[in-house]
Amino acid sequence: MPSNPPLVEEEPVVEPVETTAAETRHVHAALTRTSTGKEDLRELESGLDSLQSDADRKHRIDWSRILLPVAALVVLVLVWQFYVSLGVKRRDLVPGPLDVLGQLGVLWSDGKLQESVWTSLQRGVVGFLISVAVATPVGLLLAQVAPLRRAFGPLISGLQVLPSVAWVPAAIIWFGLTDATVYFVVFMGAIPSIINGLISGVDQIPPQYRRVGTVLGASRLQMALQIVLPAALPGYLGGLKQGWAFSWRSLMAAEIIAVGGTIGFGLGSLLDQGRTLSDMAVVMAAILLILAVGILIELLVFGPIEKRLLRSRGLLSGSTR
């Protein structure tokens, strides 16, 4: 006779129940009340309330990030004006803040300020983006292939240490007084820094990440683009920031030295013009414009990206950013 199949009890399906944050705190408190005292319970509840207040604080404007830099700038300007008022140096050698501000107004009315800022910013951004497009695959290749890294790693580090201004004479001989000279110097300043930053980020990846990719059957390209590169983003971003700093400095060096020909009028050219005319007001105005562009790029581009990356990985807590 055929035997009856054993009866299998079906597990009841439990529908998920949505709970609010307040209900969750009450349930957690109720569960811990049997094993903790009242003091521990109050401490736990205050800690949960603190977490909630931290989450609410994210949506508020942190005025200290605006007021503190402004206050520091005001203090520096006051110290500058106080030094000028002492009369230690002649005003033509050390102009005051009002003198430089007046010179900025003259440059604005002549159109030189807008032209110089736009020319340098355009060159810097285009040169940096091309450097990123070149350095990223090269950095991934060197980080993934050990023989290539052993062969070219010291050369990349040497190029990063080499002052980019050393490339200006060679670039002038090769490309003449053209924009190609400026872009070549920018590339040589930015690419090694981005490559080394990416390699440093890859070196900090836990080995378990690659093992998981291998178990899942990821190809070498998938391993590089979907596992290695996302995991190396903090180091890669650091390399990008350093690459931008090197490219901006290299650009200024090239514009100061390579003047004339078909090269446009940038901030470096404005700085060299002030030196030629022995006009310290123009020199100081150009220096402040170069500094202002660098600070704005950091505050408007790299700062928010880095902050968002750190927050997404839970690394922003306790940071002074």
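Here the structure is a predicted model, which means the values were calculated and not measured.

Chemist: How should I be thinking about the packing of aromatic side chains in this particular structure?
Modeler: Two aromatic rings, taken as a pair, are described by how far apart their centres are and by the angle between their planes. Scanning the entire structure with this criterion turns up eight aromatic pairs. Aromatic pair Trp167 and Phe184: ring centres 5.8 Å apart, planes at 85°, arrangement edge-to-face. With Trp167 in helix α7 (residues 167–175) and Phe184 in helix α8 (residues 179–203), this pair connects stretches of sequence that are 17 residues apart. Assigned by exposure class, Trp167 and Phe184 land together as buried. Between Trp244 and Trp248, the aromatic rings sit 5.6 Å apart at their centres with planes inclined by 20°, giving stacked as the arrangement. Taken together, the positions of Trp244 and Trp248, both in helix α11 (residues 233–257) and four residues apart, correspond to about one turn of that helix. Here the aromatic cluster, defined as three or more aromatic residues joined through ring pairs, consists of Phe128, Trp244, Trp248 and Phe302. Directly above the aromatic system of Phe246 lies the positively charged group of Arg249, at a separation of 5.0 Å from the ring centroid.

Chemist: Explain the pattern of salt bridges to me, please; I cannot follow it from the model alone.
Modeler: Note on pairing: side chains with opposite charge can pair once their charged atoms come close. Enumeration according to the criterion identifies six salt bridges in this entry. Here Asp203 makes a salt bridge to Arg149, at a shortest N to O gap of 2.6 Å. With Asp203 in helix α8 and Arg149 in helix α6 (residues 146–161), this pair connects stretches of sequence that are 54 residues apart. Under the relative-accessibility criterion, Asp203 is labelled partly exposed at 44%. Among the residues examined, Arg149 registers a relative accessible area of 30% and is labelled partly exposed. Here Arg275 ties to Asp272 by a salt bridge, and the two come within 3.0 Å at their closest N and O atoms. Here the residue Arg275 and the residue Asp272 both occupy positions in helix α12 (residues 267–276), the gap between them amounting to three residues, near one helical turn.

Calculation criteria
- Residues numbered from 1 in each chain as written.
- Predicted model: local features only at pLDDT ≥ 70, side-chain atom pairs only at ≥ 80, totals over all residues.
- Heavy atoms only, no water.
- Phe/Tyr/Trp six-rings, centres within 6.5 Å; stacked < 30°, edge-to-face > 60°.
- Helix = DSSP H or I, 4+ residues; strand = E, 2+ residues; numbered from the N terminus.
- Buried < 20%, exposed > 50% of the residue type's maximum accessible area, 1.4 Å probe, protein only.
- Lys NZ or Arg CZ within 6 Å of the ring centre and 35° of its normal.
- Salt bridge = Lys/Arg side-chain N within 4 Å of Asp/Glu carboxyl O.

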